[in-house]
Each structure stands twice: as structure tokens, then as C-alpha cells.
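Examination of the molecular architecture
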Amino acid sequence: MTSQSIYSLKNIGLPAISCLDDFTLATRLSVGKIQFLSFASDSLYKVYYLPKISGGIRQIAQPSRELKALQGWILRNILDKLLSSPYSTGFEIGSSILDNAKPHVGSSYILTIDLENFFPSIKANKVYGVFRSIGYNKEISTLFTNLCTYSGRLPQGAPTSPKLANLICSKLDSRIQGYVGPKGITYTRYADDMTFSAHTATKIQKTKQFINTIVSDENFIVNKFKTKVCGTKRQKKVTGLVLSENSVGIGRVKLREIRAQLHHLYTEKKDDYSSVNGILSYVYSVDKKAYIKLYKYIDKLEVKYSDFATKELINRKISK
């Protein structure tokens, strides 16, 4: 690696790694250990399959503890310091499904498109291209690619996969925005979930037809069974959140479901506190109004069922 390349990496806050020895010093691992993790990476995954809600199965490739730790180092020290597309809201530091839904509030029509087999669709050469594009030489880019891929593709299960996918999809996002932006159509992407919104049905229908062409050209496949258009007479949902004319939240149905869970916690003397805490934390992050309503409901339950001291066992540390 030239001194200019090293300077460029340092200038953008990335570790200036030009050879294997540099990487061993940075990670405090031996040359032999890193070589083993790189050359034998495909054998260091536990592969299992989960059923998809829409049918079929999803392959999960879970890296070994040592390989996952090294992937974590690459994520923290390199990938997380790179900017993804501004239209990518998933798996970015400080972003959430709320950020993905907010831009579409107030729109009359929503188009949601799912990319089929998202992570496995991204091949190793695309991953290699990311590392080369930011200034790493062929040797190091190959090393990083080996450590971050499984069977020549991005594995769903590795900590580096979501960020790498976002970086690789920057071109896809740019092309899509170049088409929909001038037409007044709003676009966001949360991993493999693409959302478009507009005020007229005509714009959405034309977008639906053209997006397939761009997606195919970028070597992705649209899941036709999970492509949906919501108009003025249907409830609009984006990545699980319900959109209204001027707000976004968990919706009345979800709120009722959580209230029922809280009620069962008291009346049936259940002790599933960790699950409830997780639900309340989620609601707090995406819908503050619903969160306050739920804690007011907990106050009522505490009075009604005062003989069962559940409230103290529910996490009250989250600020209202």
C-alpha cells in the first residue's frame, strides 16, 4: 500500500492496515489465528433454517465465537465509520424503524416492496469492492472479504452483513431516488424492505413498474408475494408501524394486545417480566404517547390488584 493510500485511510478515520502484520497488531491476534479464520471461514459457521412467515425457509449462518469477534472488530473500526445511503434507515447507528416510517406520514398511497433472499443475493465480489473503494489494497480487501462472507455470499447471521449490505445498496438507493425524487415520491429502505409514498395512485403504479427494472439490474429479486399498495381506504403500515394523517405509532390493535398482556400479568399471576420490559422499551422507542397510556394502565392495575406487587418488578427506569 502506498503512503498516499495510508494517509487517505487515516484521513477518514480508518485503521491504516496494509499487510497481515498490521492487522495482527490492531486485533492482537496471531498471524496463524487470523489466517485460519480467513482460510477456514466457511467451516466456522453453524447453519440452520427458520420458516418464513410468507412461506419457505430462511438460512441463518451463525459464525463461531472467534470469527464473530473478528467481524465485530471490522464492523466497529471500519464499517460503522462509513456513511450509507441517506435513504437507508435499517441497522444504522442511531436509526430505527421509526426513522423509516416518519418520512411517509401524511401520504395518501404507500407502496412496500420486499427484496427476496436479501443477504445471500449479495456476492463476495461486491463485498471486496467495498473494501477496495475505501482504500485497502488487494491483500487486505481479500482478507476482510473472506472474514465477512460465507460460501461466497453475505451470511444472514454475521454482525457485518447488515452494514455491508447497506453500503453495497448505496448505488441501488441512488438510482431509485434519481427516478422517484423528481416525481415527488418519497423513498426509504429498511434492509430488504423498500417503501415508497405519494399523494396519487398513478405515481405509485408507475413506480411499481419501473422499480422492478432497477432492482433486477442491481442483481436483486423482488418478492412479488410481499409487494403491497395501500390506498386511502386501507390502513397504512411501514415496517410494522401504523401511519395516520399526521403521526406514526404502534396502532390501536397493538396497543390493545399489550394491554391484554399487562392484564394477564396481574390477573394470572404471571412472571414474564422480561418480556413485558422488552415490549415497553420497544413502545418507548417508537411511540411515546402509547407508552404513557400503557403506564397509566399499569397504575390502574396496581390499584385494582394491590395484593399482587407486580409494578415494582416492571422496569420503571425508562423516563416517561
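All values derive from a computational prediction rather than experimental measurement. (Residues numbered from 1 in each chain as written. Predicted model: local features only at pLDDT ≥ 70, side-chain atom pairs only at ≥ 80, totals over all residues. Heavy atoms only, no water.)

1. Some words on the overall build of the protein chain
- Within the protein chain, the secondary structure is distributed over 13 helices and 10 strands.
- If you line up the protein chain on its principal axes, its C-alpha atoms span 70 × 55 × 40 Å.
- Within the protein chain, the fraction of its 320 residues that count as buried is 45%.
- Across the protein chain, contacts joining residues at least 24 apart in sequence account for 69% of those joining residues at least 6 apart. (Helix = DSSP H or I, 4+ residues; strand = E, 2+ residues; numbered from the N terminus. Buried < 20%, exposed > 50% of the residue type's maximum accessible area, 1.4 Å probe, protein only. Contact = heavy atoms within 4.5 Å.)

2. A short note on the pattern of salt bridges
- Within the structure shown, the criterion is met by eight salt bridges.
- Where Lys163 meets Glu92, a salt bridge forms, and the shortest distance between an N and an O atom there is 2.7 Å. Of this pair, Lys163 sits in helix α8 (residues 161-168) while Glu92 is found in the loop between α4 (65-77) and α5 (97-101), placing the two residues 71 residues apart along the sequence. Each member of the pair, Lys163 as well as Glu92, is classed as buried.
- Of the charged contacts, one joins Lys171 and Glu218 as a salt bridge, the two residues approaching to 3.8 Å between their closest N and O atoms. Within this pair, whereas Lys171 is found in helix α9 (residues 170-180), its partner Glu218 is found in the loop between α10 (201-217) and β6 (221-222), the two being separated by 47 residues in sequence.
- Residue classification places Lys171 among the exposed positions, given a relative accessible area of 52%.
- Take Glu218: its relative accessible area is 10%, and that puts it in the buried class.
- In the salt-bridge network here, residues are joined through shared partners; they are Lys171, Arg175, Asp217 and Glu218. (Salt bridge = Lys/Arg side-chain N within 4 Å of Asp/Glu carboxyl O.)

3. Re the sheet that holds strand β9 (residues 241-243)
- The strand order across the open sheet formed by three strands is β8-β9-β10, and the pairing between neighbours is antiparallel. One side of each edge strand has no neighbouring strand; the edge strands of this open sheet are β8 (236-238) and β10 (248-249). (Pairing = 2+ DSSP bridges.)

4. Observations concerning the nonpolar core
- Formed by 57 residues in total, the largest nonpolar core has its most connected members in Phe23, Ile74, Ile78, Phe131 and Phe196.
- Apart from the residues lying within four places of it in its own chain, the contact partners of Phe131 are Ile74, Ile78, Leu79, Tyr136, Ser141, Phe144, Thr145, Cys148 and Leu164.
- Among the nonpolar cores identified, the runner-up in size contains 30 residues, and Tyr190, Ile258, Ala290 and Leu294 belong to it. (Core = buried A, V, L, I, M, F, W, Y, C linked by side-chain atoms within 4.5 Å.)

5. Examining the environment of Gly32
- Secondary-structure assignment places Gly32 in helix α3 (residues 31-39).
- In this structure the C-alpha to C-alpha distance between Gly32 and Leu164, which are 132 residues apart in sequence, comes to 26 Å.

6. Describing unusual backbone geometry
- One non-glycine residue, Ala191, adopts positive backbone phi at about 60°.
- Exposure remark for Ala191: the relative accessible area of 7% places this residue in the buried category.

7. A closer look at the side chain of Ser88
- Looking at where Ser88 falls in the secondary structure, it is placed in the loop between α4 and α5.
- Only 3.3 Å separates the side chain of Ser88 from the side chain of Arg189, close enough to count as a polar contact.
- Those residues in contact with Ser88 that sit more than four places away from it in its chain are Asn166, Asp173 and Arg189. (Polar contact = N/O pair within 3.5 Å; in protein donor to acceptor, adjacent residues only side chain to side chain.)

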